[in-house]
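# Descriptive analysis of the structure
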Amino acid sequence: MTLPLRTYCCLYNTGYLVQGLLLIESLLLRSSHPCEVYVLCTDREAAHKTIQWREAHGYEGQVHTVDLGTLASVEPGVWTAKGNRPEREWFWTLGSVFTRFVLDRYVEPGAMLAYVDADIRFLADPEICWAEMGEASIGIHEHRFPVSGPPGSGYVPLPVDVRIASSGRFNV
């Protein structure tokens, strides 16, 4: 039996480069299904270092980079959005625009695509998430903000309602 290809997309700049590469590696190493990842690199250094990393680890054919200029040539509104919102909100906007871009160009009809934030790691097979979605066409989940820090750390996080006001209730 041939397992279905799982396609993921994410985006990052140089500031999130390490987190993004760790995300990609966690997907490729832990997935029980064949998978590929499309990465929107929002600056040249992130693109260059991602390509170097991909080649050094033999992930050609599994990790695909897209530069911001390519996305903007199809969706010029990304520049307007960049000028009228804070940077982190612009990145959130890019997530949905890039997901649509990948879906329209690289994903076979009827196949599944998941957008994943660059600061996430998979510690187990991501197939758990696909199974949770079942036949649904869209899956979202709530942020799971910690209610306390590690024992003995003295860390006291902001109240959940404050974090929801800042980052939203759902991680989509």
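Predicted model only: the values in this text are computed from it and were never measured.

## Regarding the side chain of D117
Residue placement: D117 occurs in the loop between strand 4 (113–115) and helix 6 (127–133). In this structure D117 is buried but unpaired, with R121 as the nearest side chain of opposite charge at 9.9 Å. One polar contact links D117 to Y115, side chain to side chain, over a distance of 3.4 Å.

## A closer look at the pairing of strand 1 (residues 6–12)
On a regular strand, one side chain projects to one face of the sheet and the next to the other, so that they alternate. Burial of strand 1 is extensive: 7 of the 7 residues sit out of reach of the surface. On strand 1, burial covers both faces: R6, Y8, C10 and Y12 on one face and T7, C9 and L11 on the other are all buried. Pairing analysis gives 7 bridges linking strand 1 to strand 2 (residues 35–41), with the strands arranged parallel. Paired with C10 across the two strands is V39, which belongs to strand 2. Each parallel crossover has a hand, and for strand 1 linked through helix 1 (residues 17–30) to strand 2 it is right-handed.

## Overview of the pattern of salt bridges
For the structure shown, the criterion picks out 2 salt bridges. Its salt-bridge partner being R6, residue E127 comes within 2.6 Å of it at the nearest N-O pair. In this pair, E127 is assigned in helix 6 and R6 in strand 1, connecting sequence segments 121 residues apart. The class for E127 is buried, based on a relative accessible area of 18%.

## Details of the side chain of T50
Tracing the sequence through the fold places T50 in helix 2 (residues 44–57). With a relative accessible area of 0%, T50 lands in the buried category. Side chain to side chain, T50 and Y12 meet in a polar contact 2.7 Å long. Discounting chain neighbours no more than four positions away, the residues touching T50 are Y12, L17, L21, C41, V63 and T65.

Rules used in this analysis
Residues numbered from 1 in each chain as written. Predicted model: local features only at pLDDT ≥ 70, side-chain atom pairs only at ≥ 80, totals over all residues. Heavy atoms only, no water. Helix = DSSP H or I, 4+ residues; strand = E, 2+ residues; numbered from the N terminus. Buried < 20%, exposed > 50% of the residue type's maximum accessible area, 1.4 Å probe, protein only. Lys, Arg positive; Asp, Glu negative; His and termini not counted. Salt bridge = Lys/Arg side-chain N within 4 Å of Asp/Glu carboxyl O. Polar contact = N/O pair within 3.5 Å; in protein donor to acceptor, adjacent residues only side chain to side chain. Pairing = 2+ DSSP bridges. Right-handed = clockwise from strand over helix to strand, strands pointing away. Contact = heavy atoms within 4.5 Å.

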